[in-house]
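Residue strings, one per chain:
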Amino acid sequence: MKYLVFETKKEASKEAYKILKSLIDENSTLGLATGSTPTDLYEEMIKDHKEGNFSYKNIKSYNLDEYVGISYDHPESYHKFMDVNLFDHIDIDKNNTHIPDASAENLDQALENYQNELNNTIIDVQILGLGGNGHIGFNEPGTPFNSGVHVIDLKEETIKANSRFFNNDVNLVPKQAVTMGINDIMKAKHIILLAFGKEKQTAIKNLIDSDIVDESIPCTVLKKHPSVYVLVDKEADFRN
Ligand code: F6R
């Protein structure tokens, strides 16, 4: 595992993009995350694309998760997030982008479909953010390391943290999400995890500065993966 600390989110994201670009080509498959963490990385991707240096025409993507119970039109749906923050600004074919369909009438079928798609794919690089409680994707503490695509009940602390996107009202935050499982994430060839802000410090300490590998802190599973890059800002650095 490589651990890199930067002054700012912007600097970390620039480096993350350099690492990403060194690991992929224009036919690769990406695993993508949402939330506040990857936004500057997506800006770097867009900038480089607009400068003519990288085409996404043949790139495929799979997103980690989606809230249950909000439709595409909701400004905080992760599907919408991906269009607004990345897909609408690059030449990716949206038929090649995949996001769990968490508002499907038959949710069990939607889970099975997403699992099948993931089983037939090799993700070259998985981008991850990190929950303050150590979640990756929406695999909350206690999720089995061998889990596949599933519906998760979001923990109270996650609902509280994400209420900042929902008028600071926890009642407006969806209580469930569909997420790739930990086993799906671990199958990626390479993983780039980003973490910014002091809320992430404890999870980073558990990941970088401990021997813990335990389902109660989901990110600790990454110690078993052969190719992980962890990039943080100084607030998230465990030594601070
Ligand atoms: C989002 C995801 C989550 C977030 C995490 C951190 O697709 O998988 O694990 O990465 O909740 O959220 P932010 O980036 O908003 O701090």
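In this text the structure is predicted, and so the values were computed from the model without any measurement. (Residues numbered from 1 in each chain as written. Predicted model: local features only at pLDDT ≥ 70, side-chain atom pairs only at ≥ 80, totals over all residues. Heavy atoms only, no water.)

Visitor: Provide a residue-level description of the overall build of the chain, including the pertinent values.
Guide: Check the secondary structure of the chain and you find seven helices and ten strands. Whereas a compact globule of 240 residues would reach a radius of gyration of roughly 18 Å, the chain reaches 17 Å, a difference of no more than 12%. For the C-alpha atoms alone, the extent of the chain along its principal axes is close to 45 × 40 × 35 Å. Split into buried and exposed, the 240 residues of the chain put 55% on the buried side. Excluding contacts between residues fewer than 6 apart, the proportion of contacts in the chain whose partners are at least 24 apart in sequence is 78%. Placing the 25 positive and 38 negative side-chain charges of the chain at their respective mean positions leaves the two points 5 Å apart. (Helix = DSSP H or I, 4+ residues; strand = E, 2+ residues; numbered from the N terminus. Rg over C-alpha atoms; globule rule 2.2 N^0.38 Å. Buried < 20%, exposed > 50% of the residue type's maximum accessible area, 1.4 Å probe, protein only. Contact = heavy atoms within 4.5 Å. Lys, Arg positive; Asp, Glu negative; His and termini not counted. Charge placed at Lys NZ, Arg CZ, Asp CG, Glu CD.)

Visitor: Break down the packing of helix 1 (residues 9-23) against helix 2 (residues 39-50) for me, with residues and values.
Guide: At a minimum axis distance of 8 Å, the contact between helix 1 and helix 2 shows a crossing angle of 55 degrees. Comparing the axis directions of helix 1 and helix 2 gives the class oblique. Between helix 1 and helix 2 the crossing geometry is right-handed. Across the interface between the two elements, Lys9, Lys10, Ser13, Lys14, Ala16, Tyr17, Leu20 and Lys21 from helix 1 touch Thr39, Asp40, Leu41, Glu43, Glu44, Met45 and Asp48 from helix 2. Among the residues making up the contact of helix 1 with helix 2, the classes are represented as five nonpolar, two polar and eight charged. (Axes fitted to C-alpha atoms, helices over the stretch in contact; angles between N-to-C directions. Parallel < 35°, antiparallel > 145°, perpendicular 65-115°, else oblique. Left-handed = near helix turned anticlockwise from the far one by under 90°. Nonpolar A, V, L, I, M, F, W, Y, C, P; charged D, E, K, R; others polar.)

Visitor: I'd like to hear about helix 4 (residues 107-119), residue by residue, with values.
Guide: When the terminal C-alpha atoms of helix 4 are compared, their 18 Å separation across 13 residues agrees well with the 18 Å that a helix rising 1.5 Å per residue should span. Inspection of helix 4 places Ala110, Leu111, Tyr114, Gln115 and Leu118 among the buried residues, and these make up the whole buried set. An end-on view of helix 4 places all buried positions within 135 degrees of arc, on one side of the element. Next to the buried residues of helix 4 lie strand 3 (60-63), strand 5 (97-98), strand 7 (150-153), strand 8 (176-179) and helix 6 (182-186). (Expected span 1.5 Å × (residues − 1). Arc of directions from axis to C-beta.)

Visitor: Any chance you could break down the environment of Asp101 for me, citing the residues and the numbers?
Guide: With respect to the secondary-structure elements, Asp101 resides in the loop between strand 5 and helix 4. Given a relative accessible area of 43%, Asp101 falls into the partly exposed group. Separated by 21 residues in sequence, Asp101 and Ile122 have C-alpha atoms that sit 20 Å apart. In contact with Asp101, other than residues within four places in its own chain, are Leu107 and Ala110. Separated by 3.3 Å, the side chain of Asp101 and the backbone nitrogen of Ala104 make a polar contact. (Polar contact = N/O pair within 3.5 Å; in protein donor to acceptor, adjacent residues only side chain to side chain.)

Visitor: Go over the pattern of salt bridges with me, naming the residues and quoting the values.
Guide: Where charged atoms from two side chains of opposite charge approach closely, those side chains can pair. Within the structure shown, the criterion is met by 14 salt bridges. Its salt-bridge partner being Glu43, residue Lys10 comes within 3.1 Å of it at the nearest N-O pair. Residue Lys10 is located in helix 1, and its partner Glu43 is located in helix 2; the two are separated by 33 residues in the primary sequence. Here Glu44 and Lys14 are joined by a salt bridge, their closest N and O atoms 3.8 Å apart. (Salt bridge = Lys/Arg side-chain N within 4 Å of Asp/Glu carboxyl O.)

Visitor: If you had to explain helix 2 to someone new, which residues and values would you point to?
Guide: Helix length check: helix 2, at twelve residues, gives a terminal C-alpha distance of 16 Å against a target of 16 Å (1.5 Å per residue), a fit within 8%. Summarising burial for helix 2: nine of the twelve residues are buried, a large majority. The set of residues buried in helix 2 consists of Thr39, Asp40, Leu41, Tyr42, Glu44, Met45, Ile46, Asp48 and His49. The secondary structure elements touched by the buried residues of helix 2 are helix 1, strand 2 (29-32), helix 3 (78-85), strand 6 (125-128) and strand 9 (190-195). Immediately beyond the C-terminal end of helix 2, within one or two residues, lies Gly52, with a positive phi of roughly 85 degrees.

Visitor: Requested: an account of the sheet that holds strand 5, with residues and values cited.
Guide: The strand order 1-10-9-6-2-3-5 describes an open sheet built from seven strands, whose pairing is parallel. Each end of this open sheet is capped by a strand with a single partner; those strands are strand 1 (2-6) and strand 5. Across four bridges, the pairing between strand 2 and strand 3 is parallel. By the bridge assignment, Thr29 is partnered in strand 3 with Lys60. (Pairing = 2+ DSSP bridges.)

Visitor: Could you give an account of the sheet that holds strand 7, naming the residues involved and the relevant values?
Guide: Each strand in a sheet pairs with another by means of backbone hydrogen bonds, the pair being arranged parallel or else antiparallel. One open sheet accounts for three strands, arranged 4-8-7; its pairing is antiparallel. Each end of this open sheet is capped by a strand with a single partner; those strands are strand 4 (65-67) and strand 7. Going from strand to strand, the sheet's axes swing by 30 degrees on average, the running direction of each strand aside. With four bridges connecting them, strand 7 and strand 8 associate as antiparallel partners. Looking at the pairing, Val151 lines up with Val178 of strand 8.

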